[in-house]
Amino acid sequence: MTNTSAPETLIGQPVPPAANARFVTGRGFYTDDHRLPGEAVMLVVRSPYASATLDPIDTSVAKGMSGVLDVLTGDDVAHAGLGPLRSLIERTRPGGKRHFEPLFPILAQGEVNHVGFPVAAIIAETMPDALAAADCLNITYHARPSVTDTRLCLASDAPLVWADAQSNLCFQHEIGDEAKVNTALAQAAHIVSIDIDVSRVSANPMENRNAIGDYDQRTGRYTLITGTQVVHDLRNELTRSVLRIPEADLRVISPDVGGAFGMKIAATPEHALVLWASRRLNRPVRWQATRMEAFASDWHARDIASTVTLALDKDGHFLALKLDSIANLGAYLCANTLHSPVNNLGGLSGPYSTPAIFARVRGAFSHASPTSPYRGAGRPEATYAIERVIDAAARQLKMDPAALRRRNLIPADAFPYATGFIFTYDSGEFEKNLDSALAASGWSTFPQRRITSEKNGKLRGIGIANAIEIAGGPAGTPLEEFMEIRFDAAGHASILTGLHSHGQGLETVIPQVLHDQLQLPLESMRVIFGDTDLVYHGKGAGGSRSAAIGSTLAVDVARKIIEKGRKIAAHALEASEIDIEFAAGRFRVAGTDRTLTLADVARLAFDRLKLPKGMEPGLAAQSVLSPHNANFPNGCHVCEIEIDPETGVVGIIGYWAVEDVGRVLNPLVVEGQVHGGVAQGLGQALSEQIVYDGESGQLITASFLDYAMPRARDVPSITTQFNPVLTKANTLGVKGAGEAGTVGAIPAIMNAINDALTHAGASEIEMPATPLKIWQALQNCRKDGRP
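Here goes a summary of the coordinates provided.

1. What to know about the pairing of strand β12 (residues 285–288)
Then, number 1: Where strand β1 (residues 40–46) meets β12, two bridges bridge the pair, whose relative direction is parallel. The residue bridging A40 from the neighbouring strand is V285, located in β12.
Then, number 2: Strand direction decides the pairing type here: strand β9 (residues 210–216) and β12, joined by four bridges, are antiparallel. Among the inter-strand pairings, N210 is bridged to a residue of β12, identified as Q288.

So this is what it looks like as structure tokens:
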């Protein structure tokens, strides 16, 4: 009988992520779970000064101590011919000259320029041995003046980070039509200009940075085990820039990763140090950062000070937007320090029709740790600028903030829509997002709730943010990705991919797509990633790219499996290939009940005698593809807060997010991504900030006693709705989801807080909106005689 039952569809179903059970039951396998015979440990001695020269280091006493195997300094690095870390991104200075790039050695060579910079590495049998030796290192520092404040970095009297640069300006990037913007400003009925700060933060993953280096004298190959997002690019960076060896001589393994968020993309000095030390000692070398060490030496993020100006006509239509920013890069340039300040400026357009936009970004050196991408990588910064100034404009024009936004939204029938400023959007229903968010949050009845709060002695505010971002980019040239599927003779499939999963549900979402294409049971598939010896190419996880490119690759390799399977089935069923149909996991001779399952075909594929003449045994397919273009996830977030004016404490009463992430492959996974992103945005908006002392450059927030992470009680229940508008940029119409929550959360929360403050007569404040800062704003308001 012919099986006419419809195939089961898993795309769009809330299948629980396969990795969750092992993570929550302690069965994850992280870098620290790898144990190699004969391991030594490495301790990195770091600079306690923000800026200093240092004399040659006397290591003689430390080297002679019990348990110490080696002590390495910058002089040893130079003698070994190891190269520096390099920027992989090009920018220019005024006049078109290349950006200034300082030497970034893996150990200090004559000077240090931020607290926490690596000065020496001690390799010992045990960590107590290494710590004892560190106390005996003779290091003489000669302290110099420093600058860490973003708004002071480019001042004429600021201490120079790099004398050879002649200023602290690393690059200056300008984009847009400045003349057109200036003309619009001159003719505008309303001009609103505000200064905003996007604070410096630390990613603070649960799993601190770590690495195990293992050199094999027999083969001359290195192995690096470390938590990273991009194993292939990390291998390439280390082999080309630092170790100066063939790529084939380094294997990078990245097992389970306990949080990354962009910070674990680029190579770090410690990656190179454990490999080099392992070769010197001919034994594995392990390094694990402490939390205090991480605060000082991890790549930081954000830290941009901006002036944003919006021009409007008399009816509240946007005429022009201007942004002038200083991005605090820190002292050195890691591989992608120069990415975030510039690459996602297109988000300044938002979902609005603004005729003219101009942006100027100046990248400035300071005596702080280098910055790198962090969840959003420039997207939250751009959205924060446009959404904050819109709220300021609404107050100045005495308009409802939602109504002002609605007046300027791009209509649904305008796509594809060229913003005139970097991006061309292919799809979206921005007004529907807005309507859904306003309805869900009860926006229209907020005034009554505010009155109720005031009767109870509290201040209440509501904030809104329309967010749009680029995903899977850069626009026009999305990164390629690799996937391979291999069947065994029993019909089980191994899926190898250059993507990496560290919380995105990749091990479940990709099998969901393959299930729908091939009707493979989820339990018969396993996903392999994070090993340069097993997966020959890939660009890893970042930029909200995994679902879009991963699903596209899954469809393509499934198509190739069906093509080969059809040939095998035709041969086995003694039929013409054109008469073979594939549906519901079976190959069928059209119009008959003669069928073979995919598992049957997989078994036949390993029997050479049952294959068509000349066909190679086995059933496998691989694909390297790029999406057709970048995609543009978008949404609308609303946040409602209450403030206790006596303490300045903020409570989030409600949070609503309407997201257009295209086709939703797994709503459980996507909702988790949105919630995680909102939580990280909430942390930055309310409490998180890396703080250096303005005089000494010392890191003040060097532990969780001083750096305030959000607690569970701070994160509200988040109501999430989807408004899927499919994109044509990839096969299944998927848009990115990983960064959407953060992009919308920061402006929505800050707009809500400033709504409450300004309604009470206080001035707006900048993030983080700590209780002290809020309390002081209210006290200043009372001192000024305002109500």
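2. Considerations on the packing of helix α10 (residues 379–397) against helix α11 (residues 401–408)
Then, number 1: Across the interface, α10 lies against α11 with an axial gap of 9 Å and an inter-helix angle of 115°. In terms of orientation, α10 lies roughly perpendicular with respect to α11. Here α10 and α11 pass one another in a crossing that is right-handed. Between α10 and α11, the residues in contact are E387, I390, D391, A393 and A394 and P401, L404 and R405, respectively.
Then, number 2: Of the residues assigned to the contact of α10 with α11, the class counts are five nonpolar, no polar and three charged.

3. Observations concerning the pairing of strand β26 (residues 634–643)
Side chains on a regular strand alternate between the two faces of the sheet.
Then, number 1: Where burial is concerned, most of β26 is hidden: 10 out of the 10 residues are buried.
Then, number 2: Of the two faces of β26, the one carrying N634, C636, V638, E640 and E642 and the one carrying G635, H637, C639, I641 and I643 are both buried.
Then, number 3: As judged from the 10 bridges shared by β26 and strand β27 (residues 650–660), these two strands associate in the antiparallel manner. Paired with I641 across the two strands is I652, which belongs to β27.
Then, number 4: In this antiparallel pair of consecutive strands, β26 and β27, the connection spans six residues, and G648 shows a positive phi of 80°.

4. Things to note about the pattern of salt bridges
Then, number 1: Taken as a whole and judged by the stated rule, the model has 56 salt bridges.
Then, number 2: Its salt-bridge partner being D556, residue R559 comes within 2.7 Å of it at the nearest N-O pair. With R559 and D556 both in helix α15 (residues 546–572), this residue pair falls three residues apart, about one helical turn.
Then, number 3: By relative accessible area, R559 is classed as partly exposed at 40%.

5. Considering the packing of aromatic side chains
Then, number 1: Scanning the model with the defined rule gives 19 aromatic pairs in all.
Then, number 2: When the ring of F104 is compared with that of W299, the centres are 6.0 Å apart and the planes differ by 75°; the resulting orientation is edge-to-face. Residue F104 is located in the loop between α3 (74–80) and β4 (111–112), and its partner W299 is located in the loop between α8 (291–297) and β13 (300–312); the two are separated by 195 residues in the primary sequence. W299 matches F104 in its accessibility class, with the two residues each being buried.
Then, number 3: Taken together, a centroid distance of 5.3 Å and an interplanar angle of 85° make the contact between F295 and F704 edge-to-face. With a gap of 409 residues between them, F295 in helix α8 and F704 in the loop between α17 (667–686) and β28 (718–722) connect regions that are remote in the sequence.
Then, number 4: Take F704: its relative accessible area is 37%, and that puts it in the partly exposed class.
Then, number 5: Clustering of aromatic rings is evident, with ring pairs tying together F104, F117, W162, W299 and Y332.

6. A closer look at empty space enclosed by the protein
Then, number 1: Under the counting rule described, the total for this entry stands at seven cavities of 30 Å³ or more.
Then, number 2: Along the walls of the largest cavity sit 16 residues, with I304, L323, S325, E381 and A382 positioned nearest its centre.
Then, number 3: Of all the elements in the fold, those that place two or more residues in the lining of the largest cavity are β8 (190–202), β13, β14 (318–330), α9 (340–343) and α10.
Then, number 4: Residues that form the lining of the largest cavity fall into these classes: 10 nonpolar, five polar and one charged.

7. Side note on helix α5 (residues 178–187)
An α-helix turns once per 3.6 residues; consequently, residues spaced three or four apart project the same way.
Then, number 1: Taken together, the buried positions of α5 are V181, A184 and L185. Seen end-on, α5 carries its buried residues on one side only, within an arc spanning 100°. Away from its buried face by more than 90 degrees, α5 exposes A179, A186 and Q187.
Then, number 2: Looking at the buried positions of α5, the neighbouring elements they touch are β8, β13, β14 and β15 (356–365).
Then, number 3: The opening residue of α5 is D177, an N-cap whose side-chain oxygen sits 3.3 Å from the backbone nitrogen of A179.

8. Overview of the nonpolar core
Then, number 1: One finds I749 and I753 to be the most contacted residues of the largest nonpolar core, which totals 176 residues.
Then, number 2: If you tally residues by element for this core, the top one is α10, at 10 residues.
Then, number 3: The next biggest cluster of nonpolar side chains, apart from the first, holds 48 residues, and it includes I485, I510, L518 and V557.

Scoring rules and cut-offs
- Residues numbered from 1 in each chain as written.
- Predicted model: local features only at pLDDT ≥ 70, side-chain atom pairs only at ≥ 80, totals over all residues.
- Heavy atoms only, no water.
- Pairing = 2+ DSSP bridges.
- Helix = DSSP H or I, 4+ residues; strand = E, 2+ residues; numbered from the N terminus.
- Axes fitted to C-alpha atoms, helices over the stretch in contact; angles between N-to-C directions.
- Parallel < 35°, antiparallel > 145°, perpendicular 65-115°, else oblique.
- Left-handed = near helix turned anticlockwise from the far one by under 90°.
- Contact = heavy atoms within 4.5 Å.
- Nonpolar A, V, L, I, M, F, W, Y, C, P; charged D, E, K, R; others polar.
- Buried < 20%, exposed > 50% of the residue type's maximum accessible area, 1.4 Å probe, protein only.
- Salt bridge = Lys/Arg side-chain N within 4 Å of Asp/Glu carboxyl O.
- Phe/Tyr/Trp six-rings, centres within 6.5 Å; stacked < 30°, edge-to-face > 60°.
- 1 Å grid on protein atoms, 1.4 Å probe; cavity = no way out; pocket = protein on both sides within 12 Å on 5 of 7 lines; lining within 4 Å.
- Points joined across faces, edges and corners; volume = space filled by probe spheres on them.
- Arc of directions from axis to C-beta.
- Polar contact = N/O pair within 3.5 Å; in protein donor to acceptor, adjacent residues only side chain to side chain.
- Core = buried A, V, L, I, M, F, W, Y, C linked by side-chain atoms within 4.5 Å.

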